[in-house]
Amino acid sequence: MQGARAYDVVVGADRAHAHRPDGPAPVPAGWAGPEGPAIDPATWPRSPRTRQPMIHCATLELPPEYRRRSPDLVAVSVFEWVDETGFLPAPAFVTEALADPAPTDPFWQDVAGSRPHEHAHVLCDQDTGCFYAVVLLTRDELTGPRSARPRLNPVVDETEHVDPPARERFGLFGDLFLVERDDPNAGRVPVDWPEDGDDGYVKVDDCFERFSFTHLGGTFMDPFGMGNRTASPWYLELHRLGGLWVGDDENLLVDLAADEPIVHR
């Protein structure tokens, strides 16, 4: 698409400046880590099954051309909650607690006062059972004081996993920068192979050497392929930011132009 641009998302100022030294200067664009954006704690995304508060992975400010839902929604936050059986009904201790009209336990009081964020979308991956959430943010929610994750229920279901050491070992954390990438597929619908595209999609043989796995638009980077996924040109692909885990080390796809933006295999 004429005039469309794609961007690599790079962690850390030094790496961002070294990523494409002859290109445009990197632009600060957010962070990866457990602190959330300046949203009302009552709207922090929760597991639909056990109501545990999800883990914030990353918040990214979007270039104007990627603000497809509204120009006033300037950024996106991504959350996850690892649950092997997220597609199953809630366990008995959850249904019993939710039936209490006046809970005394602080966690269930938090749950009783919670509500969905008006620009949030939550998806359960039917293959792994994990939950993913996307929240589109206003300028004030992006730039305001970062928020702490609400309290965790100490009663964790046996299929849920809270493993900070593993997240820290395999995750990418720190300040995020956008680096414009010289990508022939900027503005094009992502596909696995050039012959699958009908809009001049180009196979980039050295894409894994040239481009970041986490990026906005352009060449699709997940080595496992698109699978059954389809997306507009205005998509975000994420890999390991803030400890994010998707199946067999796959990438999460967020279509920023779709009503239900999280797209999984």
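Look a little higher up for the structure.
On a predicted model such as this, the values are computed, not experimentally measured, just so you know.

### Points about the sheet that holds strand β10 (residues 252-255)
Right, so step 1: Pairing in this open sheet of eleven strands is antiparallel, and the strands run β5-β6-β4-β3-β2-β7-β1-β8-β9-β10-β11 from one edge to the other. In the strand order of this sheet, the two ends are held by β5 (120-124) and β11 (262-263), each with one partner.
Right, so step 2: Across four bridges, the pairing between strand β9 (residues 235-238) and β10 is antiparallel. Looking at β10, one finds that Leu-236 is bridged to Val-254.

### Re the pattern of salt bridges
Right, so step 1: Tallied over the full model, the rule gives 15 salt bridges.
Right, so step 2: A salt bridge links Glu-61 to Arg-67; its shortest N-O distance comes to 3.7 Å.
Right, so step 3: Judged by relative accessible area, Arg-67 falls into the buried class, the value being 18%.
Right, so step 4: Here Asp-222 and Arg-229 are joined by a salt bridge, their closest N and O atoms 3.2 Å apart.
Right, so step 5: For Asp-222, a relative accessible area of 4% gives the class buried.
Right, so step 6: A single salt-bridge network, built from bridges that share partners, covers Asp-8, Arg-181 and Asp-183.

### Points about the packing of aromatic side chains
Right, so step 1: Under the counting rule described, the total for this entry stands at six aromatic pairs.
Right, so step 2: Ring geometry for Trp-44 and Phe-79: centres 5.2 Å apart, planes at 75 degrees, overall edge-to-face. With Trp-44 in the loop between β2 (27-32) and β3 (55-61) and Phe-79 in strand β4 (residues 75-81), this pair connects stretches of sequence that are 35 residues apart. The residues Trp-44 and Phe-79 share a single accessibility class, namely buried.
Right, so step 3: The interplanar angle of 45 degrees and the centroid separation of 6.3 Å between the aromatic rings of Phe-220 and Tyr-235 together place this pair among those described as tilted. Of this pair, Phe-220 sits in the loop between β8 (215-216) and β9 while Tyr-235 sits in strand β9, placing them 15 residues apart in sequence.
Right, so step 4: Within the aromatic cluster, the residues linked to one another by ring pairs are Tyr-7, Tyr-66 and Trp-234.
Right, so step 5: Over the face of the ring belonging to Trp-31 we find Arg-146, whose NZ or CZ atom lies 3.8 Å from the ring centre.
Right, so step 6: Here the basic side chain of Arg-181 rests over the ring of Phe-211, its NZ or CZ set 4.0 Å away from the ring centre.

Thresholds applied
- Residues numbered from 1 in each chain as written.
- Predicted model: local features only at pLDDT ≥ 70, side-chain atom pairs only at ≥ 80, totals over all residues.
- Heavy atoms only, no water.
- Pairing = 2+ DSSP bridges.
- Helix = DSSP H or I, 4+ residues; strand = E, 2+ residues; numbered from the N terminus.
- Salt bridge = Lys/Arg side-chain N within 4 Å of Asp/Glu carboxyl O.
- Buried < 20%, exposed > 50% of the residue type's maximum accessible area, 1.4 Å probe, protein only.
- Phe/Tyr/Trp six-rings, centres within 6.5 Å; stacked < 30°, edge-to-face > 60°.
- Lys NZ or Arg CZ within 6 Å of the ring centre and 35° of its normal.

Any functional reading would require information beyond the geometric quantities listed.
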